[in-house]
Amino acid sequence: MDAGAMLGRTEEQEQCWAQLRTGGSVLLRGPGGIGKSTLLAALAAQAGHAGELVLRACPTAAERELPYLALIDLFGPVLGRLSGLPQHLREALDSALLRAAPPTGRATDQLAIRVAVVEGLRLVAAEVPVLLVLDDAQFLDEASAEVLAFAARRLAGTPVRVLAAELVDEGAAATAGRLCPAPLLELEVSTLPAAALRRLLADRLAQALPAVAADRVCAASGGNPLFALELARAALHARAGDSPDDPLPVPQRLRDLLADRLAALPAAAAPALLLVATGAKPGREMLPDNDPGLAAALAAGILLVERDGVLRFSHPLLAELVYGDATPRARRTAHARLAALVDDPVESARHRALAAARPDEELAEQLVAAARIARDRGAPATAAALCRLAAARSPDPGRSARRLLACAEHAAAAGLTEQARATCAAVLRRPDRTARVGARLLLAELLTDTPEAIRVVLDAARPDAEGDARLLGLLHAMRADVLARDLGVAVAVSEVDEAERLARVSGDPDLLLEVMAHRLQTEMQADRGGELPALAEALTLAQALPLHKASVWVRMGYAIVQMRRGEMGAAVDAARRSVVDAERAGRTRDLARTLYTASSVYNRAGLCADAGEAGRLCALLWREVDLPPTGALVMAGAAELNSGTVERAAAHLAEAVVLGGTLADREWEAYALIFVGRCDLLRRDAAAAARNLDRGRQLLAELGYHDPTMILVDADLAEALALAGEPVRAREVLAQARAAALRQNRTVVLLGLDRVAALLDGAAGDARQAADRLRALMAAPHPYPLERLRCVLTLAGLERRARRRGAARAALAEALEGYEQAGCAPYALFARQELARLDAGETDLSDADRRLLDLLRSGATNRAIAGAMHLSVKAVEANLTRLYRRYGVPNRSALLRVTD
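In this text the structure is predicted, and so the values were computed from the model without any measurement.

**A look at helix 16 (residues 361–376)**
- In a regular helix each residue adds 1.5 Å, so 16 residues correspond to 22 Å; helix 16 covers 23 Å between its end C-alpha atoms and thus fits that length.
- Residues of helix 16 that are buried include every one of E361, L363, A364, L367, V368, A370, A371 and A374, and no others.
- Structurally, helix 16 contributes buried residues whose contacts are with helix 15 (345–355), helix 17 (380–392) and helix 18 (397–413).
- With a side-chain oxygen lying 3.0 Å from the backbone nitrogen of E362, the N-terminal cap of helix 16 falls on D360.
- Positioned one or two residues after helix 16, G378 has a phi angle of 85°, which is positive.

**Topic: unusual backbone geometry**
- Following A182, the chain continues to P183 via a peptide bond in cis, the omega torsion being -5°.
- In this structure, P183 sits in the loop between strand 4 (160–167) and strand 5 (184–188).
- One non-glycine residue with positive phi stands out, namely D626, at about 65°.
- Within the fold, D626 resides in the loop between helix 29 (608–624) and helix 30 (629–643).
- Given a relative accessible area of 24%, D626 falls into the partly exposed group.

**Side note on the packing of aromatic side chains**
- Counting across every chain of the model gives 5 aromatic pairs.
- Look at Y819 and Y827: their rings are 5.3 Å apart centre to centre, the planes differ by 25°, and that puts the pair in the stacked class. Both residues of the pair, Y819 and Y827, count as buried.
- In textbook terms, an aromatic cluster arises when at least three aromatic residues are bridged by ring pairs, as seen for Y596, W622, W668 and Y671.

**Observations concerning the pattern of salt bridges**
- Following the criterion strictly, the structure yields 69 salt bridges and no others.
- D626 is the salt-bridge partner of R421, the closest N and O atoms lying 2.6 Å from each other. On the criterion of sequence distance, the pair formed by R421 in helix 19 (residues 417–427) and D626 in the loop between helix 29 and helix 30 is long-range, its members being 205 residues apart.
- With its nearest N and O atoms 2.9 Å apart, the salt bridge here joins E719 to R755. Of the two residues, E719 sits in helix 34 (residues 714–723) while R755 sits in helix 36 (residues 750–764), which places them 36 residues apart along the sequence.
- Take R755: its relative accessible area is 1%, and that puts it in the buried class.
- Among the charged side chains, a salt-bridge network with shared partners connects E445, K549, R587, R589, D590 and R593.

**Some thoughts on the pairing of strand 1 (residues 25–30)**
- With 6 of 6 residues buried, strand 1 is to be regarded as a mostly interior element.
- In strand 1, alternate side chains face the same way, and those of S25, L27 and R29 on one face and V26, L28 and G30 on the other are all buried.
- Sheet topology places strand 1 next to strand 5; 5 bridges connect them, and they run parallel. Note on strand 5: the bridge partner recorded for V26 is L185.
- Relative to strand 4, strand 1 runs parallel, the two being bridged by 5 bridges. Bridging across to strand 4, L28 finds its partner in A165.

**A closer look at empty space enclosed by the protein**
- Evaluated as defined, the whole model comprises 7 cavities of 30 Å³ or more.
- When its volume is computed, the second largest cavity comes out at roughly 90 Å³.
- Surrounding the second largest cavity, P708, L712, V713, D714, A715, A737, V748, V749, G752, L753, Y784 and E787 form its lining.
- Of all the secondary structure elements, the ones that give two or more residues to the lining of the second largest cavity are helix 34 and helix 36.
- Each residue belonging to the lining of the second largest cavity can be placed in one class, and the counts come to 9 nonpolar, 1 polar and 2 charged.

What counts as what
- Residues numbered from 1 in each chain as written.
- Predicted model: local features only at pLDDT ≥ 70, side-chain atom pairs only at ≥ 80, totals over all residues.
- Heavy atoms only, no water.
- Helix = DSSP H or I, 4+ residues; strand = E, 2+ residues; numbered from the N terminus.
- Expected span 1.5 Å × (residues − 1).
- Buried < 20%, exposed > 50% of the residue type's maximum accessible area, 1.4 Å probe, protein only.
- Contact = heavy atoms within 4.5 Å.
- Polar contact = N/O pair within 3.5 Å; in protein donor to acceptor, adjacent residues only side chain to side chain.
- Phe/Tyr/Trp six-rings, centres within 6.5 Å; stacked < 30°, edge-to-face > 60°.
- Salt bridge = Lys/Arg side-chain N within 4 Å of Asp/Glu carboxyl O.
- Pairing = 2+ DSSP bridges.
- 1 Å grid on protein atoms, 1.4 Å probe; cavity = no way out; pocket = protein on both sides within 12 Å on 5 of 7 lines; lining within 4 Å.
- Points joined across faces, edges and corners; volume = space filled by probe spheres on them.
- Nonpolar A, V, L, I, M, F, W, Y, C, P; charged D, E, K, R; others polar.

Right, dumping it as structure tokens:
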């Protein structure tokens, strides 16, 4: 594996680099193929980019008997730097490195070689830090290893470190630590998670592996990236692994690593091994106590017994070897035996299916029933596998297609997006038109492309849906969703109306619930605090149906309504319950959506640490289940704005703005712009904040989102305009927002608008009066804690302008304490910086700096300032740049704000 293939190793790489950067050595250990060399190469490249001298040796098993070969690899490139070595040491080193013959009649002095290496490294390290890189250190020739161990004991505290990788089997101890100067970090290189392995396969394979086969490969590899790549290539070559119940071909290279362990077992072990390899995880009670094969497999460490008594292979690849090498008849016999032994109805149905050789409708019905049990247990991935078996065992083509569609739907719920897409493609090749419509609807939902591309898929489903009220209703509901996200909720109303008519005609409660979920979007925009008929009907329907996408939307819709009305206790409770329910149901795709809303609710409730945690998990799941990628970036940015850093937030959000524009994903683009605007405010760049907030606000208005509590952008925009020197526009925004808030009975946003009005009044007139008025408005309790803390920050600025420095300091201290308690790191840092600036004051400003600031406050241009101060324009610009850097601000308006 090459250094560019780093996946899932960020934490390990940072840990190792921190050790190297502070003068320590690192030893990476682990089994073959786990990724030690990849991590080592990435760290060595990082050291080279940092200006260090990197010397490498990568021995092989065949070279182990060649003395001093590793020293030749390491020191050959730097012999020219060793001219300062004493003659006798240089001669000894040249002899060891085969650069010169040993003096006639004398053996090479072993101590001289050791001392020469130590002194040579000290000479080089006096000029540049040295990193010795030893890959596959277990193959070092003994002569080189002894010299390096001698040097390691004498180089602690010098700018010489060792970065080594050693192949160590499970349970064995590393020995290469003796080669590394102290302090030493020994790190076990961990297995990669399935998500990282899937990305690795996608990056490294010339041809995409079918989704089901990719999941099989990731499981069989045991998290070993080399094993995963080898298995994937073999599966592609053999066109195998499409079914989760087919054995995977194991290439010879991997067989050679493991087959010897199996070959050493007696033939009597085969039945026990095959039972465990079926994937049933049988307990010891399913095998006779005196089974000699089981005893031999346990003694050899091939099989292990978990704490609960379940048997498993010591490595999952052993199971693939055993299962794949068994005959089809032997596999069916093993499954039939397990079907009679296991008590669990889900496992029993699966084994009966795998023991059957031909279609059987009764068996297919049992599998469908087992899939429902698995779904209710919160295991949609298992339900998908059972439905796939049911489809394969169904004699009727129509039922087979519909059961295959159910497989795709369960896979999508479990977050197995590629598997769901591949299964939908198989359904489209079937003759059943109902199943084909369902497959296209699911494919449209899984698309992350432009709205136009989604409409093409929906249009293709129309001929199959004609004449069927339920299918047509589903199509109209999906079209409503696409139109709302692309052109606005008002444009989608006619589609929602038609979908509701068809839902009531068909009498399908699932379809009606989905329609009510869409109706709720429009209803929430017009909410004035009264009853919401669509929400009430949808909640009743959701309580009577199993958890699925529409019921999740409705539950979160309830939480959003409560949040916008300022009922934060009810909103938080609803959000937490929905997250727990989605987790228990194993519906990863719905969990991602639930976390998105929960993060917003937690933020509005002032629970920034919870919001940040939910947002980060949401972003991770969003990517894993392949939801629209702009959303993942926005959620990552929002998480950083809640409990991370402004810099990381801005990086995620800037990427989201670009991607949202490219994909015509206007709603996510709008959110990204608004969050970027908040980053700009925290960075004290009011002009940029005004541009981004204004554009985001316009996009939401174009989509028909006018509720001022949807995202609190109005006060932020007005504040940015005020700070950027545009008070007239700021007051216009405030007037529009106040009218909308009163019209929709959204009085909860008025405090934020009052805050900016006080800011404008303080800048234009009596700052004391504005501060006193704002303090009085803040006295009443408010449901949005962060809005009140923003008022405290504004109050501090007004008090400072009013020359009441004690009151300003008290306000900033209150804001800092509040943000720290909420876990809101970016705003806590902002408050801390403001407090430091207040305490610093202008006592250390020169008279010239004060004069320059006074002229800036009067509105003078750089040329006018230059004339008044008898300076060149360039000198004025240089002084301004110096002050910008000193106060950490980007422009004049921000400078005046922090020095006012």
